[in-house]
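Below, each chain spelled out in residue letters.
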Amino acid sequence: MRLLHTSDWHLGRAFHRVNMLGAQAEFIGHLVTTVRERSVDAVVVSGDVYDRAVPPLAAVELFDDALHRLAALGVPTVMISGNHDSARRLGVGAGLIGRAGIHLRTEPSAAGTPVVLADADGEVAFYGLPYLEPALVKDEFGVEKAGHEAVLAAAMDRVRADLAARPAGTRSVVLAHAFVTGGEPSDSERDITVGGVAAVPAGVFDGVDYVALGHLHGCQTLTDRVRYSGSPLPYSFSEAAHRKSMWLVDLAADGSVDAERVDCPVPRALARIRGTLEDLLADPELTRHEEAWVEATLTDPVRPADPMARLAARFPHTLSLVFDPDRDEDESEVSYARRLAGRSDQEIAEDFVAHVRGAGPDAREQGVLRTAFDAVRADETVREVAR
């Protein structure tokens, strides 16, 4: 059976204020063409279909168009909700849409109930594990401590139990939206840390033939059977080195996997350039970036006049300007934004405690902070869905 694995469409998302809807529509067209021309038997979409719980109307219309075009091909599609999606909204009408061959899996309780498809070699069971927010699903899965590994392990126990009851030789595919150990994150993914831990080990998914992951935006192979497709378009400059693609996966009769990357159309290249303003304006080596979306980091010791306008004269698609002077400076002079860059809410809070009282929090206090941040994020998820 030939599968096309994609994820993280983030319909409705902009790139540094650039409207990406046209590029997203072009991707949908490319996906449909790939399904038709490469004889794909099933499409799997591993979450974050939308960029937010309440997407703009134009994004909903594009999703509707995608569903109609995939259904018209007669090729089954299996989708799960991600941490950016509202599972309840995405799942509205799932039963009816399923009659057209578009199978939406947004309910955690259905983790062990697969979509079963068949080819000449027999049946393939597709198990959809939507994003599982630990604080909200721990009771469903009967786990005492809310954590990503615990709830995913419990969901996979249901998968393996169902698979064990099926005829020998039944192949299996799991769709999941999670941060799996070994994956490389980028700046454009929403933090899903719970209890100080974001990642789960790949071993959680043992026992199935292929795991189609979503959440991380870079296409990655963790094992031959566990892969991220990545996002089809870039959503931050940290993705400048990414090759945007989908996985074309051939699942053989014995469950073995052969995978090929299929490149996605990207509207512009991304470039990160660094140096003094005068050097950036004069360097002939940078000619190749003149039509790219550019993030420029200026190292001038004194901020130059009109830097954005001057950069735009050579690099008209400059979207981000960063100042990082090449000079010795006391930590107190470093900008607040730079001091916080790359730090989690937990780390920032612990630093604040240390600043206020002269000593950082002890282990008990760290636990209190983790619990508070986890509760806030779970509450934000509930509120977002309820809007």
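Since we're looking at a predicted model, the values are computed, not measured.

Trainee: How would you summarise empty space enclosed by the protein if you had to cite specific residues and measurements?
Mentor: One way to see where empty space is left: roll a probe the size of a water molecule over the atoms. The final tally for this structure, using the stated rule, is one cavity of 30 Å³ or more. Reported here for the largest cavity is a volume of approximately 40 Å³. As for the largest cavity, its lining consists of Pro 130, Tyr 131, Leu 132, His 148, Val 151, Leu 152, His 177 and Ala 178. The greatest single-element share of the lining of the largest cavity, amounting to three residues, is contributed by helix H6 (residues 148-164).

Trainee: Pulling in residues and values, what's your account of H6?
Mentor: Here H6 spans 24 Å end to end across 17 residues, near enough to the 24 Å set by a 1.5 Å rise per residue. Listing the buried residues of H6 in full gives His 148, Val 151, Leu 152, Ala 154, Ala 155, Met 156, Val 159, Asp 162 and Leu 163.

Trainee: Can you tell me about the packing of aromatic side chains, naming the residues and giving the values?
Mentor: As enumerated under the stated definition, the model contains four aromatic pairs in all. Relative to Phe 27, the ring of Trp 9 lies with its centre 5.8 Å away and its plane at 70 degrees, an arrangement referred to as edge-to-face. Residue Trp 9 is located in the loop between strand E1 (2-6) and strand E2 (14-15), and its partner Phe 27 is located in helix H1 (residues 21-37); the two are separated by 18 residues in the primary sequence. Taken as a pair, Trp 9 and Phe 27 share a single burial class, namely buried. With 5.1 Å between their ring centres and 55 degrees between their planes, Phe 15 and Phe 237 make a pair best called tilted. Placement of Phe 15 in strand E2 and of Phe 237 in the loop between strand E14 (226-228) and strand E15 (245-251) is noted, with a sequence separation of 222 residues between them.

Trainee: Now, about the environment of Gln 346: what can you tell me, with residues and values included?
Mentor: Turning to its location among the elements, Gln 346 is positioned in helix H10 (residues 345-357). Considering only alpha carbons, one finds Gln 346 and Gln 366, 20 residues apart in sequence, at a separation of 8.2 Å. With residues near it in sequence (within four places) discarded, Gln 346 still touches Gln 366, Leu 369, Arg 370 and Phe 373. A polar contact of 3.3 Å, which involves the side chain of Gln 346, links it to the backbone nitrogen of Arg 370.

Trainee: I'd like to hear about the sheet that holds strand E19 (residues 318-323), residue by residue, with values.
Mentor: Taken in spatial order, the three strands make up an open sheet running E17-E18-E19, and their pairing is parallel. Only two strands of the sheet have a single partner each, and these edge strands are strand E17 (270-275) and E19. Going across the sheet, the axis of each strand differs from the next one's by a mean of 15 degrees, ignoring polarity. Looking at chain direction, strand E18 (residues 293-298) and E19 are connected through five bridges and run parallel.

Trainee: I'd like to hear about the packing of helix H5 (residues 134-141) against H6, residue by residue, with values.
Mentor: Put simply, H5 and H6 touch, their axes get as near as 10 Å, and they point 40 degrees apart. Between H5 and H6, the angle falls in the class oblique. Two packed elements cross with a definite hand, and for H5 against H6 that hand is left-handed. Side by side, H5 and H6 meet where Pro 134, Val 137, Lys 138, Glu 140 and Phe 141 of the first sit next to His 148, Val 151, Ala 154, Ala 155 and Arg 158 of the second. The residue makeup of the contact of H5 with H6, split by class, is six nonpolar, one polar and three charged.

Trainee: How would you explain the pairing of strand E7 (residues 115-119) if you had to name every residue and give the values?
Mentor: Bridge count between E7 and strand E8 (residues 122-129): five bridges; the pairing is antiparallel. Each bridged residue has a counterpart across the sheet, and for Asp 119 the counterpart in E8 is Gly 122. Where E7 hands over to E8, the hairpin turn is made up of two residues, counted between the paired strands.

Trainee: Describe H5, listing the residues and the values that go with them.
Mentor: Along H5, the positions that sit buried rather than exposed are Pro 134, Val 137 and Phe 141. Buried residues of H5, seen end-on, are gathered within an arc of 85 degrees and therefore sit on one face of the element. Contacts from the buried residues of H5 go to H6. Backbone geometry just after H5 places Gly 142 at a positive phi near 65 degrees.

Trainee: Account for the packing of H1 against helix H2 (residues 57-73), with residues named and values stated.
Mentor: Close contact between H1 and H2 brings their axes to 10 Å; oriented N to C, the two are set at 10 degrees. With respect to H2, the element H1 is oriented roughly parallel. Taking contact as the criterion, the partners of Leu 21, Gln 24, Ala 25, Ile 28, Gly 29, Leu 31, Val 32, Val 35 and Arg 36 in H1 are, on H2, Ala 58, Ala 59, Leu 62, Ala 66, Arg 69, Leu 70 and Leu 73. Of the residues contributing to the contact of H1 with H2, the split by class is twelve nonpolar, two polar and two charged.

Trainee: Describe the sheet that holds E8, and please don't skip the residues or the numbers.
Mentor: The mixed open sheet is built from six strands, whose spatial order is E7-E8-E9-E12-E14-E13. With partners counted over all chains shown, the strands left at the sheet margins are E7 and strand E13 (220-223), one partner each. Across this sheet, the average inter-strand angle for adjacent strands is 20 degrees, counted without regard to direction. Judged from the three bridges that link them, strand E12 (residues 210-214) and E14 form a sheet pairing that is parallel. Pairing of Leu 213 across the sheet is with Tyr 228, part of E14. Packing against the sheet, H6 makes contact with E8 and strand E9 (171-177), and its axis sits at approximately 160 degrees to E8.

Trainee: Can you tell me about the side chain of Ser 231, naming the residues and giving the values?
Mentor: Along the chain, the position of Ser 231 falls in the loop between E14 and E15. The buried category is assigned to Ser 231, whose relative accessible area is 1%. Of the polar contacts made by the side chain of Ser 231, one reaches the side chain of Lys 244; its length is 2.9 Å. Contact partners of Ser 231, with chain neighbours within four places excluded, come to Ser 7, Asp 8, Leu 216, His 217, Glu 239 and Lys 244.

About the thresholds
- Residues numbered from 1 in each chain as written.
- Predicted model: local features only at pLDDT ≥ 70, side-chain atom pairs only at ≥ 80, totals over all residues.
- Heavy atoms only, no water.
- 1 Å grid on protein atoms, 1.4 Å probe; cavity = no way out; pocket = protein on both sides within 12 Å on 5 of 7 lines; lining within 4 Å.
- Points joined across faces, edges and corners; volume = space filled by probe spheres on them.
- Helix = DSSP H or I, 4+ residues; strand = E, 2+ residues; numbered from the N terminus.
- Expected span 1.5 Å × (residues − 1).
- Buried < 20%, exposed > 50% of the residue type's maximum accessible area, 1.4 Å probe, protein only.
- Phe/Tyr/Trp six-rings, centres within 6.5 Å; stacked < 30°, edge-to-face > 60°.
- Contact = heavy atoms within 4.5 Å.
- Polar contact = N/O pair within 3.5 Å; in protein donor to acceptor, adjacent residues only side chain to side chain.
- Pairing = 2+ DSSP bridges.
- Axes fitted to C-alpha atoms, helices over the stretch in contact; angles between N-to-C directions.
- Parallel < 35°, antiparallel > 145°, perpendicular 65-115°, else oblique.
- Left-handed = near helix turned anticlockwise from the far one by under 90°.
- Nonpolar A, V, L, I, M, F, W, Y, C, P; charged D, E, K, R; others polar.
- Arc of directions from axis to C-beta.

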